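A look at the structure
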Amino acid sequence: MKNTKKFVTIAMLGALATVLMTLKFPLFVPFYKLDASEAVVLIGSYLLGPIAGVAIEAIKVLLNLLIDGTVTAGVGEAANFIMGCSLVVPAGLIFKKNPTLKGAIIGGAVGIVCLSLTASLLNLYVLLPAYAAAFGMELKAIVAFGTKVNANADTLTSFIVYITLPFNLIKGAASVFLASLLYSKTGELLKKLFKSEI
Amino acid sequence: MKNDVVVGQYYPTNSVIHRLDPRTKIMSTLLYIVFLFVAKNIWGYIAALFFLSLAVIVSKVPVGYVLRGLKGVVFIVCMTLVFNLIWTPGEALLTLGPIIITRQGVMASINMAFRLLLLITGTSMMSLCTATIALTDGIEALIKKVPFLGKVSHEISMMMSIALRFIPSLTEELDRIMKAQKSRGADFESKNLVKRIKSYVPLLVPLFVSAFQRANDLAMAMEARCYKGGEGRTRLRILKYQKIDFAAYIIVALAMGCIFATRYIPFKLI
């Protein structure tokens with residue numbers, strides 16, 4: 001009984017995250033976008049466990065791929081998935097041990113750190129070089145987007161430090177903040193809804 | 001009020017490509033992406049463009065629809081092109097004050113433009129010619145073959161189908177709640193990030209509650225019909241390769257062979 005409900009709820013939260021992804025807006029550079037979908041995945045991870053969080057993230061990314069297609073040959077989607085998981089898995093694990101609002105916030109904070117680290121390392125060593133190589137571009141051409149915003153960001157490393165890192169800190173903080181606000185307002189209600197066997 | 005929220009870009013018509021098995025289309029698209037990166041000179045892109053145009057003509061999808069996928073990325077692509085043109089070092093072709101445009105820069109930009117154009121239009125061809133539900137069926141069948149994911153292939157595709165089914169409903173609901181909150185003075189476009197995040201709360205609370213209620217109802221309906229996962233489940237439409245699928249695979253193999261062969265064309269166009 002419980003399993004089908006969990007399964008359907010994961011699917012529904014995946015749909016909700018996909019819908020919220022349409023409300024995205026760019027921050028700093030046009031290819032880093034902020035949206036509310038990560039907060040949905042976080043709530044899912046809090047309520048249903050970290051594995052459910054990963055599943056919601058996977059559904060979100062796959063559906064987005066089906067609906068919008070890809071402009072990065074899947075690189076952007078894979079990045080989105082890995083980074084999303086690095087935020088929601090630690091958060092979900094810590095919350096599982098300490099299922100209170102405090103646990104949610106501590107878990108979120110650890111998640112933000114993991115997200116920023118993963119994102120910086122991935123962008124530095126894999127994503128941006130791979131993207132540049134795949135499209136035969138100069139890395140400088142990508143970095144130039146950042147130099148326009150912050151004059152210090154003129155090499156790949158400084159681009160990561162001045163653009164990628166702050167962006168992901170803001171992205172993580174915004175998602176955790178929104179998720180905590182939502183959880184404090186609706187957590188009990190959602191739990192009740194989830195448990196009710198009408 | 002939006003009455004019909006269309007999910008995906010599916011363009012329904014009756015062409016050979018629309019009738020192909022979704023697995024054929026997914027595999028062909030994957031191969032196409034791989035070979036776009038195998039091609040290394042302009043001849044490769046011309047070959048890919050030729051086969052893509054052939055596919056577009058056969059699919060009876062209007063060219064305008066195919067190119068529509070480019071609309072969202074035009075800005076980024078143009079900016080990247082300009083930066084690429086300026087920043088690539090090499091032998092100078094044209095000097096405009098401090099800006100030096102090099103031969104290598106022009107070449108790299110042409111390469112990039114071709115790759116992006118072919119990538120985006122090629123992948124959108126798949127979603128234009130295949131209904132999203134057929135795509136999830138295809139993904140399920142393909143995931144079944146992957147060693148570790150094979151066991152959960154039914155779950156993955158079932159969750160995707162459920163999510164796809166509810167995206168229009170949730171989009172409509174989001175739209176309605178947004179309008180309701182806006183009419184009460186809510187500001188979703190605030191430049192202040194904290195304010196903007198806070199403005200999402202009255203939007204997301206009803207959405208969450210309704211999503212959980214819908215999940216509840218659906219789970220109950222499924223339980224009532226004795227749903228118990230993928231084991232022993234039969235389906236109405238069984239995916240089966242037809243003659244046209246084999247023909248399509250042969251054509252795709254030929255196309256890939258051509259693209260691969262272009263790597264060895266010695267003379268350059270530019």
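In this report, we go over the structure that sits alongside the text.

Parameters and conventions
- Residues numbered from 1 in each chain as written.
- Chains lettered and ligands numbered in written order.
- Predicted model: local features only at pLDDT ≥ 70, side-chain atom pairs only at ≥ 80, totals over all residues.
- Heavy atoms only, no water.
- Salt bridge = Lys/Arg side-chain N within 4 Å of Asp/Glu carboxyl O.
- Buried < 20%, exposed > 50% of the residue type's maximum accessible area, 1.4 Å probe, protein only.
- Helix = DSSP H or I, 4+ residues; strand = E, 2+ residues; numbered from the N terminus.
- Disulfide = S-S within 2.5 Å.
- Lys, Arg positive; Asp, Glu negative; His and termini not counted.
- Polar contact = N/O pair within 3.5 Å; in protein donor to acceptor, adjacent residues only side chain to side chain.
- Contact = heavy atoms within 4.5 Å.
- Axes fitted to C-alpha atoms, helices over the stretch in contact; angles between N-to-C directions.
- Parallel < 35°, antiparallel > 145°, perpendicular 65-115°, else oblique.
- Left-handed = near helix turned anticlockwise from the far one by under 90°.
- Nonpolar A, V, L, I, M, F, W, Y, C, P; charged D, E, K, R; others polar.
- Core = buried A, V, L, I, M, F, W, Y, C linked by side-chain atoms within 4.5 Å.
- Buried area = accessible area lost by both parts, 1.4 Å probe.

With that out of the way, let us pick up the pattern of salt bridges. Scanning all chains against the criterion turns up six salt bridges over all chains. Between Asp21(B) and Arg23(B) there is a salt bridge, and its shortest N-O distance comes to 3.0 Å. By the burial criterion, Asp21(B) is buried, and Arg23(B) matches it. In this structure, the salt-bridge partner of Asp175(B) is Lys179(B), at a minimum N-O distance of 3.2 Å. With Asp175(B) and Lys179(B) both in helix α8 (residues 153-183), this residue pair falls four residues apart, about one helical turn. Overlapping salt bridges, with partners in common, bring together Glu38(A), Glu57(A), Lys60(A) and Lys171(A) in one network.

Right, let's talk about the state of the cysteines for a bit. Residues and elements named next belong to chain A. Counted by the stated rule, this structure contains zero disulfides over all chains. Free cysteine Cys114: the closest other cysteine sulfur is in Cys85, separated by 12 Å. Residue Cys114 is classed as partly exposed on the basis of its relative accessible area, which comes to 27%.

Residues and elements named next belong to chain A. Tracing the chain through its elements places Asp35 in the loop between β2 (29-34) and α2 (37-48). As a buried residue without a salt bridge, Asp35 has its nearest oppositely charged side chain in Lys60, at a separation of 5.1 Å. Among the polar contacts listed, one links the side chain of Asp35 to the side chain of Ser37, at a separation of 2.5 Å. Setting aside its immediate chain neighbours within four residues, Asp35 contacts Leu20, Met21 and Lys24.

A word on the packing of α2(A) against helix α7 (residues 156-195) of chain A. All names here are of chain A. At a minimum axis distance of 8 Å, the contact between α2 and α7 shows a crossing angle of 45°. Taken together, the axes of α2 and α7 are oblique relative to one another. Note on packing geometry: the crossing formed by α2 with α7 is right-handed. Note on element contacts: α7 touches α2 through Lys171, Ser175, Val176, Leu178, Ala179, Leu182, Tyr183, Gly187, Leu190, Lys191 and Phe194, opposite Glu38, Ala39, Leu42, Ile43, Tyr46, Leu47 and Leu48. A breakdown of the residues in the contact of α2 with α7 according to their chemical character gives 13 nonpolar, two polar and three charged.

What follows covers the nonpolar core. Leu16(A), Leu178(A) and Phe208(B) are the most contacted members of the largest nonpolar core, which totals 101 residues. Ranked by residue count, the leading element in this core is α7(A), at 15 residues. The contacts of Leu178(A), once residues within four sequence positions are left out, are Ala36(A), Ala39(A), Ile197(B), Tyr200(B), Val201(B) and Leu204(B). By size, the runner-up hydrophobic cluster in this structure holds 29 residues, among which are Tyr32(B), Ala47(B), Val73(B) and Leu119(B).

The next point concerns the interface of chain A and chain B. Often, the extent of an interface is quoted as the loss of accessible area on bringing the components together. Every contact between the two is made by 59 residues of chain A and, on the other side, 65 residues of chain B. Both sides of the chain A and chain B interface together cover about 5,700 Å² of buried area, and 85% of this is carbon and sulfur. Contact with chain B buries surface across chain A, with Phe7(A), Met12(A) and Leu66(A) losing the most and accounting together for 13% of the total. Remark: the boundary between chain A and chain B carries zero salt bridges. Run the count over chain A and chain B and you get two residue pairs in polar contact (both at pLDDT 80 or more). Among the secondary structure elements, those contributing two or more residues to the side of chain A that touches chain B are α1 (2-21), β2, α2, α3 (50-68), α5 (101-134), α6 (139-149) and α7 of chain A. Here the side of chain A that touches chain B gets 14 residues from one element, more than from any other, and that element is α1(A). Across the side of chain A that touches chain B, the residue classes break down as 46 nonpolar, eight polar and five charged.

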